Amino acid sequence: KAGVTQTPRYLIKTRGQQVTLSCSPISGHRSVSWYQQTPGQGLQFLFEYFSETQRNKGNFPGRFSGRQFSNSRSEMNVSTLELGDSALYLCASSLSDGTDTQYFGPGTRLTVL
Amino acid sequence: AQSVTQLGSHVSVSEGALVLLRCNYSSSVPPYLFWYVQYPNQGLQLLLKYTTGATLVKGINGFEAEFKKSETSFHLTKPSAHMSDAAEYFCAVSAPGFGNEKLTFGTGTRLTIIP
């Protein structure tokens, strides 16, 4: 079974631009979560989608948004990029079977100049 | 609310020696606990997890962890370190329940293996 895939793997943007990251979950997984990883703040939960609905949300500003499609694929959008948004963005999928076991993709490395 | 403390941001052990990575958690409900490993420029790989049942959990690559409720700990061990174990390790906690897909991570421990 294929794992979680994320595209693109690397992105370079400038301040003020917006960016969209994509995540395809493991087949059969209906929950997709997004995390931001930075050297200073570590791994932080952004949000989680299940059946096209945002079910959980972390403490990030409204510039960070996401959505999920009917095939469970998810996208994350960051508008008005700031230098501090430079990070590794990780997507994780799960069966949402009550065990909270999440499987992570390789991440998208975003650099904001 | 949940939180995780990983003692020691860097741990070095000799090849063949015992690996011990420490994790303490705080949770208002009986937690689910996880250990993930991250190799350079890669995502997180699940090593093992504790949900319910047996408190000694065995994972991949020879790692195991023991859930100790009285000590609020979930330390990761491996009897004999291998060079390929060099990576960053993250302990994570979640509050059980359907619809609560949110992991809270510790700050990570970078494991170095000395030849």
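Residues numbered from 1 in each chain as written. Chains lettered and ligands numbered in written order. Predicted model: local features only at pLDDT ≥ 70, side-chain atom pairs only at ≥ 80, totals over all residues. Heavy atoms only, no water.

J.: Is there a simple way to think about the overall build of chain B in this case?
T.: A count of helices and strands for chain B gives 0 helices and 12 strands. Helices (α) and strands (β) of chain B occur, in sequence order from the N terminus, as β-β-β-β-β-β-β-β-β-β-β-β. Against the compact-globule benchmark of 13 Å for 115 residues, chain B has a radius of gyration of 14 Å, which places it among compact chains. Judged by the C-alpha coordinates and their principal axes, chain B covers about 45 × 30 × 20 Å. Out of the 115 residues belonging to chain B, those deemed buried represent 45%. For chain B, contacts bridging at least 24 residues in sequence account for 57% of all contacts bridging at least 6. Just so you have it, chain B exposes about 5,400 Å², and 54% of that area is on carbon and sulfur atoms. (Helix = DSSP H or I, 4+ residues; strand = E, 2+ residues; numbered from the N terminus. Rg over C-alpha atoms; globule rule 2.2 N^0.38 Å. Buried < 20%, exposed > 50% of the residue type's maximum accessible area, 1.4 Å probe, protein only. Contact = heavy atoms within 4.5 Å. Areas by Shrake-Rupley, 256 points an atom, 1.4 Å probe, with all protein chains shown as cover.)

J.: Looking at this structure, I do not really get the overall build of chain A. What am I missing?
T.: On a plain count of helices and strands, chain A comes out with 0 helices and 11 strands. Scanning chain A from its N terminus toward the C terminus, one meets helices and strands in the order β-β-β-β-β-β-β-β-β-β-β. Scaling as 2.2 N^0.38, a compact globule of 113 residues should have a C-alpha radius of gyration of about 13 Å, and chain A matches this with 13 Å. Residue burial in chain A is summarised as follows: out of 113 residues, 52% are buried. Summed over its atoms, the accessible surface of chain A is roughly 5,100 Å², and 49% of this surface lies on carbon and sulfur atoms. Charged side chains in chain A number 11 positive and 7 negative. The centres of these two groups are separated by 6 Å. (Lys, Arg positive; Asp, Glu negative; His and termini not counted. Charge placed at Lys NZ, Arg CZ, Asp CG, Glu CD.)

J.: How should I be thinking about the pattern of salt bridges in this particular structure?
T.: In a structure, side chains of opposite charge can pair up when their charged atoms sit close to one another. All names here are of chain A. Scanning all chains against the criterion turns up 8 salt bridges over all chains. Residue glutamate 75 pairs with arginine 73 through a salt bridge whose shortest N-O separation is 3.4 Å. Through salt bridges with shared partners, a single network forms among Arg63, Glu82 and Asp85. (Salt bridge = Lys/Arg side-chain N within 4 Å of Asp/Glu carboxyl O.)

J.: Explanation requested: the interface of chain A and chain B in the structure shown.
T.: Think of interface size as the accessible area that goes away when the parts come together; that is how it is often given. If you look at the interface, chain A gives 24 residues, while chain B gives 23 residues. Contact between chain A and chain B buries roughly 1,900 Å² in total, counting both sides, with carbon and sulfur atoms accounting for 50%. Contact with chain B buries area across many residues of chain A, yet Leu43, Asp100 and Phe104 of chain A alone supply 31% of it, more than any other trio. At the boundary of chain A with chain B, the tally comes to 0 salt bridges. Linking chain A with chain B are 5 residue pairs in polar contact (both at pLDDT 80 or more). If you list the elements that add at least two residues to the side of chain A that touches chain B, you get β4 (31-38), β5 (42-50), β6 (53-57), β9 (87-94) and β10 (103-104) of chain A. The greatest single-element share of the side of chain A that touches chain B, amounting to 4 residues, is contributed by β4 of chain A. (Buried area = accessible area lost by both parts, 1.4 Å probe. Polar contact = N/O pair within 3.5 Å; in protein donor to acceptor, adjacent residues only side chain to side chain.)

All quantities given are derived from atomic positions and should not be read as evidence of function.
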